Amino acid sequence: MYFKITHLRSKKVLFGLSILLFSQTGQAAASNLPVINPTVNGKSIQQTISGVVTDDQGVPLPGATVMVKGSSNGVTTNFDGQYSIEAQEGDILQVSFVGFKTYEVEIGNQANFDVQLETDSASLDEVLVVGYGTQKKSDLTGSVSSVSDEEFNKGINTNPGNLLQGKVSGLNVTNASGEPGAGQDIIIRGVGTLRSGTSPLYVIDGFVLDNSSNGVPTNPLNFINTEDIQSINVLKDASAAAIYGSRAANGVVVITTKKGKAGRTQMNFSASSAISTMANKIDVFSADEFRQVVEQVGGSLSDNGADTDWQDELTRTAITNDVNFSMSGGTSKTSYFASVGARDQEGILNNSDLTRYSGRINVSQKGLNDRLKVDLNLTATRTENQRPNIGTMVSNMLQLNPTQPAYTNGEPTVFGTGINPLIIENIYGDFSNNNRMIANISPSLEIIDGLTYKLNLGVDYSKTDRDEQYIPYSADPDYAEGSINSTFTTNKNTLVENTLTYEKDFGDHGLNLLAGHSYQEFFIHAKGYYFTNFPDNGIEPRYQLGEARGEDNTQFSNATVNELQSFFGRINYDFADKYLVTATVRSDGSTKFGENNQYAVFPSFALGWNIHKEDFLQETAFSNLKLRASWGKSGNQEIPSKQTRLSYGESFEDNDIYPMNGNETTREDYPYGLVFARTANPDLQWEETAQTNIGVDFGLFNQKLTGTVDYFLKETTDVLLYFSTQDPIDEVGYTWQNIPDMKIRNSGLEVSLDYQSDRSKDFSYNIGGNFSYIKNEITDSPFTIVTTGTAQGAGQTGATINGYMNNQPIGNFFVRQFEGIGADGLNQFTDINGDGQIDDSDRVSSGSAVPDFIYAFYTKFNYKNFYLGLNFNGVSGNKIYNHTRMSLFNMTQISNSLNTTDQAIEFPNEDPSNSNTVSTRYLEDGSFLRLNNATLAYELAPNAIGLGDWLNGLRLSVTGQNLFVITDYTGFDPELNTGSSSDSKSYGIDRFTYPRARTIVFGLDVSF
């Protein structure tokens, strides 16, 4: 039976195995290696050595490396664990595999060697990539979750967040919408800040990314080809993340891409095609229902005789094609991995496309007797994104009169009033092209035994061009002139790091010391223009800029430079591999903060105890038991640049101009006045988050049952917010400030469990899951409410939907309590304060958009060469404000002959003039359970189809994504966030959200 070794490694079952070599003949003892000497006339001859590599229970292991030591002559085992290699007398044959101990044998007169793997308890743990180095999992004192490529979510995954959804306890991944490559809210252990900078810090192969926008309207992480990723480690607590100091308050995501290994060249080709359709249509009225309901409510029916489903007309069956090719290999001195990929992904809304071309090269070279090592990582991508006018399309598909024909004589129907959205599809375009390159080179030199110096030089360069245009359309005066809004964004992120690492064992004592310096500079340059009034000549505005004749044509440009300098150190100590201590400190200085608080120090301390290595647990069912405890501080500096610096601007307002020379005769003769744009704030300082964590890792029954339990308490102080100074002398009014005494508190419990059955059977299974409870609360806030999400639309703009309130969770909905429709046909709300009036003082806290519970579970089944995997995820305890329903699904719509749902006629006596007031009427339960991912695969043995000499493996698969959702939410999908907010972060508002797709992916993977 076939299985992937990385899958086993993630379950901590087969780490550190020794090899037992079985033979049927005697062994010579020269050099303590088995030796047999085949000769012809006294001369060594080349011969074919073959055999099978299996695990300790006889299961074949494909992909093991068998090579002649000191040469590039090597092979990998095929699907059945078989290998065949040419060698001669005296050669040393090496048999190795990730997670296994390398075995060596000198070639003699035996032509067949079957290799079996056996558990080696001396190396039970895998090695994880953490901040500025690696650690065995058994030595970790912090809370780190690792997800390997075998455990990633399958299918069409555009960025790393899609790979992790439901895979890590305490990690909540929310896609903003169903758009290809949509932005995401990725929150680790609760929201710890009020601003928009809630994303974790991303580190790719040692290079720290900048979370700033790069001009791409969708997720900036879409540039990463997920097929190149080997593993992702999520650093959750302060002990694990504090080494990154000022940017680690939201957690750290460490991404490691694939590397080559010694042996013959391994080539892999994968191709997939996917079909996507709208997963859930909103049940608006059909044409016949529409006619009846309009008359029923006494509305003015506009019957145009058609039966049009506008949700069908404005969406499509989308096709995605994805092709990837990689090549890897190397010798004992050099290893490499190279890949190219291309993806063309259609969205289910018309004119919605995301295309990405990617290339990657990872090279590692050793020298100076392996004391010198140079790692080079280079990736380059081009991402092309076309978007429709999403808000307009979604609102039209839900509200347009279903009796209106979509086409007349094969062309989009010209409406008497308004414009056909099919025409908008033809005249509107949003095009962005992003070219991005990340390169870093990391030479390291072992100066003396155990002491290593490493230099890390890197650059991340991104350039984005974006055009949003309307082609002139003379038949409608609102679109007759045409327009274009173009922006050009350049981002450059340069990194220089120097580290010294000393590692030494002194008997039972193990010591690892790290000291380092880091300097990072971020440069962002944006410029653009807005032009109007183009000739209606069939040429798009972006191709005839010189023809713009608008009087309000404008241009802009700006640039910012931020710098971050850091000094850091870490001590890891262990005694007898039982008692573990980790201490970390980092001092960060940032140009974002004032001269009085430019530097801050972020320490952490952690203890660990490998209890299972104590004598009193040796004869028990525990194969692993570790207790961890940590405390530390991390920071957050994600505010706009220059906020501590004095800034001036020009104004032509009446109170800002003054006659300077006395010759002014008209107002236009006055010079512009100089006014404050921003006052200086040298005392602005870092937002700090202190976190305490207590955790237990365990394994039972020889690691068949494994799990982790963590309790954490996270508290943020010196909270940063953009708000009014309340100073009558301050001309600016609003500045970034630290809020005295205010705290954001997150506490919770995380549990993850996994059970793996006996893999030696024809049928085996794996069951597991994770669960997180997070309590979030704001305390000591001086504000009644800091509004984040607001309403939009006629008569609604600016009304508070949710915000931050004292003693309430983040994302708290603060709205009026809806009681029903009164006898007068108008809204009735609860008079909270009993003053006889309904106004803003009657608003109540009505739940939060941030869930209390996050959970996921999975099942995996293997039967011979068949594989079936199911992944479920869900949330509970959160609310969603259905802004779409408030705007469209009401009595006013249907009475005006616009479509809606039966929610609009819930109260038959409702007056069509009733206002759509922000209230609990539109607040819904956001809980859901989703079958996020299901994969059925078959591993076809190449030998069975006569391709054994050509191929190592052949895999056919079909994957379903978003196959079903169980929820009470009435919108397209409960996983969303398309609310309106300023710099503060808004959550859980559904306003004309791009519908989510259901996708079926057909895949082919070939290795040769």
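Everything numeric in this text was worked out from a predicted model, so none of it was measured.

Chemist: Mind laying out the overall build of the protein, listing which residues take part and the relevant values?
Modeler: Helix and strand content of the protein: nine helices and 56 strands. Since a compact globule built from 1008 residues should have a radius of gyration of about 30 Å, the 32 Å found for the protein is in line with a globular shape. Its C-alpha atoms give the protein principal-axis dimensions of about 110 × 70 × 60 Å. The buried share of the protein, taken over its 1008 residues, is 55%. Of all intrachain contacts in the protein linking residues separated by at least 6 positions in sequence, the fraction that spans at least 24 positions is 72%. Total accessible area on the protein stands at roughly 41500 Å², and carbon and sulfur atoms take up 52% of it. For the protein, the centre of its 72 positive side-chain charges and the centre of its 117 negative side-chain charges are spaced 9 Å apart.

Chemist: Report on the sheet that holds strand β5 (residues 65-68), specifying residues and quantitative values.
Modeler: Pairing is antiparallel across the open sheet formed by four strands, whose spatial order is β6-β5-β8-β9. For this open sheet the edge positions go to β6 (74-76) and β9 (103-106), each flanked by a neighbour on one side alone. Strand-to-strand twist across the sheet, computed as the mean angle between neighbouring axes with direction ignored, equals 15 degrees. Sheet topology places strand β8 (residues 92-96) next to β9; four bridges connect them, and they run antiparallel. Within the sheet, the bridge partner assigned to I92 lies in β9 and is E106.

Chemist: An account of the sheet that holds strand β45 (residues 812-816) is requested, with residue identities and associated values reported.
Modeler: Pairing in this open sheet of four strands is antiparallel, and the strands run β43-β44-β45-β48 from one edge to the other. Single-partner strands in this sheet number two, and they are β43 (786-790) and β48 (843-848). Across this sheet, the average inter-strand angle for adjacent strands is 40 degrees, counted without regard to direction. Here β43 pairs with strand β44 (residues 800-804) via four bridges, running antiparallel. By the bridge assignment, T790 is partnered in β44 with T800.

Chemist: Give me the lowdown on the pattern of salt bridges, citing residues and values where you can.
Modeler: Summed over all chains, the structure comprises 36 salt bridges. Taking the shortest distance from any N to any O, the salt bridge between E179 and R387 comes out at 2.6 Å. Taken together, the positions of E179 in the loop between β14 (171-175) and β15 (184-188) and R387 in strand β24 (residues 372-387) put the pair 208 residues apart, joining distant regions of the chain. Each of the two residues, E179 as well as R387, counts as buried. With its nearest N and O atoms 3.0 Å apart, the salt bridge here joins E910 to R921. Here R921 lies in the loop between α9 (891-895) and β52 (923-925) and E910 lies in the loop between α9 and β52, a separation of 11 residues in the sequence. Here E910 matches R921 in class, with each residue buried.

Chemist: Describe the packing of aromatic side chains, and please don't skip the residues or the numbers.
Modeler: Summed over all chains, the structure comprises 22 aromatic pairs. Measuring from centroid to centroid gives 6.1 Å for Y755 and Y765, while their planes differ by 40 degrees, and the two rings are tilted. Linking Y755 in strand β41 (residues 743-756) with Y765 in strand β42 (residues 763-779), this pair joins segments that are 10 residues apart in sequence. Of the residues examined, Y765 reaches a relative accessible area of 28% and is grouped as partly exposed. Among the aromatic residues, those joined into a cluster by ring pairs are Y755, F763, Y765 and F861. Here the guanidinium or amino end of R542 rests over the ring plane of F431, the centre of that ring lying 3.7 Å away. The ring of F829 carries R816 above its face, with NZ or CZ at 5.9 Å from the centroid.

Chemist: Residues and numbers for a nonpolar patch on the surface, please.
Modeler: On the surface, Y579, W609, F616, L627, I694, V709, Y711, L749, F771, Y773 and F853 cluster together into a nonpolar patch covering about 940 Å² of accessible area. Among the secondary structure elements, those contributing two or more residues to the nonpolar patch are β38 (705-717) and β42. The exposure class assigned to V709 is partly exposed, which follows from its relative accessible area of 32%.

Chemist: How would you explain helix α4 (residues 287-296) if you had to name every residue and give the values?
Modeler: Among the residues making up α4, those that are buried are A287, F290, R291, V293 and V294. Looking at the buried residues of α4, the elements they touch are α9. Note on α4: the residue one or two positions beyond its end, G298, has a positive phi of about 80 degrees.

Chemist: An account of the pairing of strand β7 (residues 82-88) is requested, with residue identities and associated values reported.
Modeler: Regular strands place side chains that alternate from one sheet face to the opposite one. What you see with β7 is a clean split: Y83, I85 and A87 sit on the buried side and Q82, S84, E86 and Q88 on the side with no burial. Both strand β4 (residues 46-54) and β7 contribute to a ladder of seven bridges, which runs antiparallel. Across the sheet, the residue bridging to S50 is S84, located in β7.

Chemist: Run through the pairing of β8, naming residues and quoting values.
Modeler: The buried fraction of β8 amounts to four of the five residues, a majority that puts the element mostly inside the structure. Pairing between β5 and β8: four bridges, direction antiparallel. Directly across from V66, in β8, lies its bridge partner V95.

Chemist: I'd like a rundown of helix α6 (residues 390-399), residues and numbers included.
Modeler: Burial runs high along α6: eight of the 10 residues are buried. Here α6 has its buried residues at I390, M393, V394, S395, N396, M397, L398 and Q399. Of the surrounding secondary structure, the elements contacted by the buried residues of α6 are β20 (263-278), α5 (310-313), β24, α7 (421-427), α8 (883-888) and α9.

Chemist: An account of the environment of G81 is requested, with residue identities and associated values reported.
Modeler: Tracing the backbone through its elements, the reader meets G81 in the loop between β6 and β7. It is 57 Å that separates the C-alpha atoms of G81 and L923, two residues lying 842 residues apart in sequence. Among all residues touching G81, those that are not within four sequence positions of it are G51, V52, V53, P60, L61 and P62.

Chemist: Any chance you could break down unusual backbone geometry for me, citing the residues and the numbers?
Modeler: Despite not being glycine, D205 has its phi angle at roughly 50 degrees, a positive value. Secondary-structure assignment places D205 in the loop between β16 (201-204) and β17 (207-208). Classification of D205 as buried rests on a relative accessible area of 14%. You will see that N807, though not glycine, has its phi angle at about 65 degrees, which is positive. Tracing the sequence through the fold places N807 in the loop between β44 and β45.

Chemist: Any chance you could break down the confidence of the model for the protein for me, citing the residues and the numbers?
Modeler: Per-chain confidence: the protein averages 88 in pLDDT, with 92% of residues scoring 70 or above. Note on residues 1-43: pLDDT is under 50 here. Beyond four places in sequence and across chains, it has 139 contacts. When the criterion is pLDDT under 50, residues 120-124 qualifies, and its contacts beyond four places in sequence or with other chains add up to 14 contacts.

Chemist: Any details on the nonpolar core? Residues and values, ideally.
Modeler: It is characteristic of soluble globular proteins that their nonpolar side chains tend to be buried jointly. Grouped together as the largest cluster of nonpolar side chains are 30 residues, with contacts concentrated most on W310, V394, M397, L398 and F972. Sorting the residues of this core by element identifies α6 and α7 as the ones contributing at least two each. At five residues, α6 tops the list of elements feeding residues into this core. Leave out the neighbours within four places in its chain, and F972 touches M278, N280, K281, I282, Q311, V394, M397, L398, T993 and P995. Among the nonpolar cores identified, the runner-up in size contains 26 residues, and I739, I778, I801 and Y881 belong to it.

Scoring rules and cut-offs
Residues numbered from 1 in each chain as written. Predicted model: local features only at pLDDT ≥ 70, side-chain atom pairs only at ≥ 80, totals over all residues. Heavy atoms only, no water. Helix = DSSP H or I, 4+ residues; strand = E, 2+ residues; numbered from the N terminus. Rg over C-alpha atoms; globule rule 2.2 N^0.38 Å. Buried < 20%, exposed > 50% of the residue type's maximum accessible area, 1.4 Å probe, protein only. Contact = heavy atoms within 4.5 Å. Areas by Shrake-Rupley, 256 points an atom, 1.4 Å probe, with all protein chains shown as cover. Lys, Arg positive; Asp, Glu negative; His and termini not counted. Charge placed at Lys NZ, Arg CZ, Asp CG, Glu CD. Pairing = 2+ DSSP bridges. Axes fitted to C-alpha atoms, helices over the stretch in contact; angles between N-to-C directions. Salt bridge = Lys/Arg side-chain N within 4 Å of Asp/Glu carboxyl O. Phe/Tyr/Trp six-rings, centres within 6.5 Å; stacked < 30°, edge-to-face > 60°. Lys NZ or Arg CZ within 6 Å of the ring centre and 35° of its normal. Patch = residues over 30% accessible without salt bridge, like charges linked within 9 Å, V, L, I, M, F, W, Y side chains within 5 Å. pLDDT = per-residue confidence, 0-100. Core = buried A, V, L, I, M, F, W, Y, C linked by side-chain atoms within 4.5 Å.

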